[in-house]
Amino acid sequence: MKLRISEITRAWPSTVAAAATIVIGVLVYLDGQVPSAFTTLFFIPIIFVAYRYSLQMALLIAGMASVFSSPAMELFGVTLDASVKPVLWLGWPAVYLFLAVSLNQWSSLQQQRSQLEMTERGLMDVSARNDRRERELETLSAIHTTILKENDEQTVVDEITRRVAEVCGAKICTITVPIGTTGQRPFLPVGFTDDVFNRFFPDGAPYGEGVDGWAMLHRRVAASRNVFEDPRYDKLRDFAALAGIVSAAASPLDLDEELHGALLVCYGEERDFTPEELTRLERLAQQTELAVRSARQRESLARLAFETALALTEAIESRDPYTGDHCRRLAEYAGVMGAKLALPAKEIEVIRLGAALHDMGKIVVPDSILKKPGKLTPEEYTIIKQHCYSGGQICKRVGFLMNAYPVVYHHHERWDGRGYPDGLIGEKIPMGARIVAVVDAYDAMTSDRPYRDAMPLEEATAILKDGAGHQWDPRAVRTLLETTELQQRFRDPHDGHAHADGLVLPQDIEETVERL
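In this text the structure is predicted, and so the values were computed from the model without any measurement.

Each value, and the rule that gives it
Residues numbered from 1 in each chain as written. Predicted model: local features only at pLDDT ≥ 70, side-chain atom pairs only at ≥ 80, totals over all residues. Heavy atoms only, no water. 1 Å grid on protein atoms, 1.4 Å probe; cavity = no way out; pocket = protein on both sides within 12 Å on 5 of 7 lines; lining within 4 Å. Points joined across faces, edges and corners; volume = space filled by probe spheres on them. Helix = DSSP H or I, 4+ residues; strand = E, 2+ residues; numbered from the N terminus. Nonpolar A, V, L, I, M, F, W, Y, C, P; charged D, E, K, R; others polar. Patch = residues over 30% accessible without salt bridge, like charges linked within 9 Å, V, L, I, M, F, W, Y side chains within 5 Å. Areas by Shrake-Rupley, 256 points an atom, 1.4 Å probe, with all protein chains shown as cover. Salt bridge = Lys/Arg side-chain N within 4 Å of Asp/Glu carboxyl O. Buried < 20%, exposed > 50% of the residue type's maximum accessible area, 1.4 Å probe, protein only.

Attention now goes to the layout of surface pockets. Using a probe with the size of a water molecule, rolled over the atoms, empty space left in the structure can be pinpointed. Looking at the largest pocket, its volume works out to about 640 Å³. Contributing elements (two or more residues each) for the lining of the largest pocket: α9 (275-317) and α11 (345-357). Looking at the lining of the largest pocket, the element that brings in the most residues is α9, giving nine residues. Residue classes in the lining of the largest pocket are distributed as nine nonpolar, three polar and nine charged.

Here the focus is empty space enclosed by the protein. For the coordinates displayed, the defined rule picks out three cavities of 30 Å³ or more. Its volume calculated, the largest cavity comes out at about 190 Å³. Asp-212, Leu-236, Phe-239, Ile-245 and Leu-264 are the residues nearest the centre of the largest cavity, which is lined by 17 residues in total. Mapped onto the lining of the largest cavity, the elements with two or more residues apiece are β3 (172-179), β4 (183-190), α8 (236-243) and β8 (260-267). Residue classes in the lining of the largest cavity are distributed as 12 nonpolar, three polar and two charged. Approximately 60 Å³ is the volume attributed to the second largest cavity. Of all the elements in the fold, those that place two or more residues in the lining of the second largest cavity are β8 and α9. The leading source of residues in the lining of the second largest cavity is α9, at four residues. In terms of residue class, the lining of the second largest cavity is made up of seven nonpolar, no polar and three charged.

So, about a nonpolar patch on the surface. On the surface, a nonpolar cluster with roughly 670 Å² of combined accessible area is contributed by Ile-22, Val-26, Tyr-29, Leu-30, Leu-75 and Phe-76. Structurally, Ile-22 can be placed in helix α1 (residues 2-31).

What follows deals with unusual backbone geometry. That bond from Tyr-420 to Pro-421 is cis: its omega, 10°, falls within 30 degrees of zero. Within the fold, Pro-421 resides in the loop between α15 (405-410) and α16 (431-445). With phi around 60°, Arg-219 is a residue other than glycine that occupies positive phi space. Positionally, Arg-219 belongs in the loop between α7 (210-218) and β6 (222-224). A positive phi angle, close to 60°, is found at Ala-342, a residue other than glycine. Looking at the secondary structure, you find Ala-342 in the loop between α10 (326-340) and α11. Residue classification places Ala-342 among the exposed positions, given a relative accessible area of 65%.

Structural measurements only, silent on function.
And the structure:
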């Protein structure tokens, strides 16, 4: 039935044109002469059909008009002007046919041109969508790569917000997180600094305000064409004016079971967000959730591994009442050194773990040697030196400790190659082992012993400087001595007692440093 109606709808204009041609022909007949005053009216249906419909229909109407304007009308008693009779056979038909063909072709060209323009616009739209989709896929891929790199949470969030701002063309991008149940604040924003936000909201913005607050509360994507006309904005409007924000959109995030945040993008002009844009933001938010959760889980596992390692070494240290928190301090100092040397966060965590475990191999050293009050014999010293190998073997057998193996195994190598267990020289010694060697020596020299007081800081510093380039990595020594934070910690008295590797150090300073 619908097809029938469609066919009738398409056919009626041409039927009307044919009827109009017949009516004009009747008027010519009634006028009784050809040419007639009504003859020019035939141009109307011809033009109408030629411009809008097929060439066949235009030729049919032109043919009908030619008949009504030709000498054939004499058959119906119409008078013809003999002087123009030859023209009537060819003139009017030629004009009508030329008009029908030329207008129809011109109309066809116009339609084709219009279709080409529409096709071009469609292709451009498809290309633009493909470009946007490609950028989105690149962003999702970059976020996935960030996950695989096992970066820390801060690095992950910084990478995500930068990438999302680029793919969305946003002026500002941030992850908003709640502060308890009363406030919210941006986490590592792109487009403004924390200082700008804190000037307005030192304790955080009101919880639930703005599209990001609304998204956190309702767990749904939200958008605002103009934040200054949006009732969801109140105190945030002043900040929006300072930051140059006019429109914004946000998608909720489940960063963990109890922390619900929002991924927020902001623009400097009014913007009507399309469903496609909001769907894209939701997809990016889902990938963001995965990235942040993975980073948090890794950090949680790393903390667990580190605390487990500390518990293990503290159990070993408990064999010596003068050990104190030596390994815990070394892990802290090594972390500060790694940051000062601008090492990657993942490498710093490995170095901290290695520093905590560096004395683990002493578990195989008998108490009679470990706690001997006097100078060690060569045979006893050889046994002591085995703790590097033993500690390394333990690390290799425990999966989450394996990364710390190079630090534990090589922390007694010397810069000049005279160390043990492998006699590595210079840069061939792992960086983590070089750092631990320096902080281990400095902590031992500046800690109280059962047989002597802690060495004055200036004296320990002089020994380190003298051994730089021989016993220790000169860069590591320089970094330790130039780091104000570490120097202040060494100036403060240590709680309890500590020593390097549990050795009872002899009175002679040179031998003391050699045996660290």
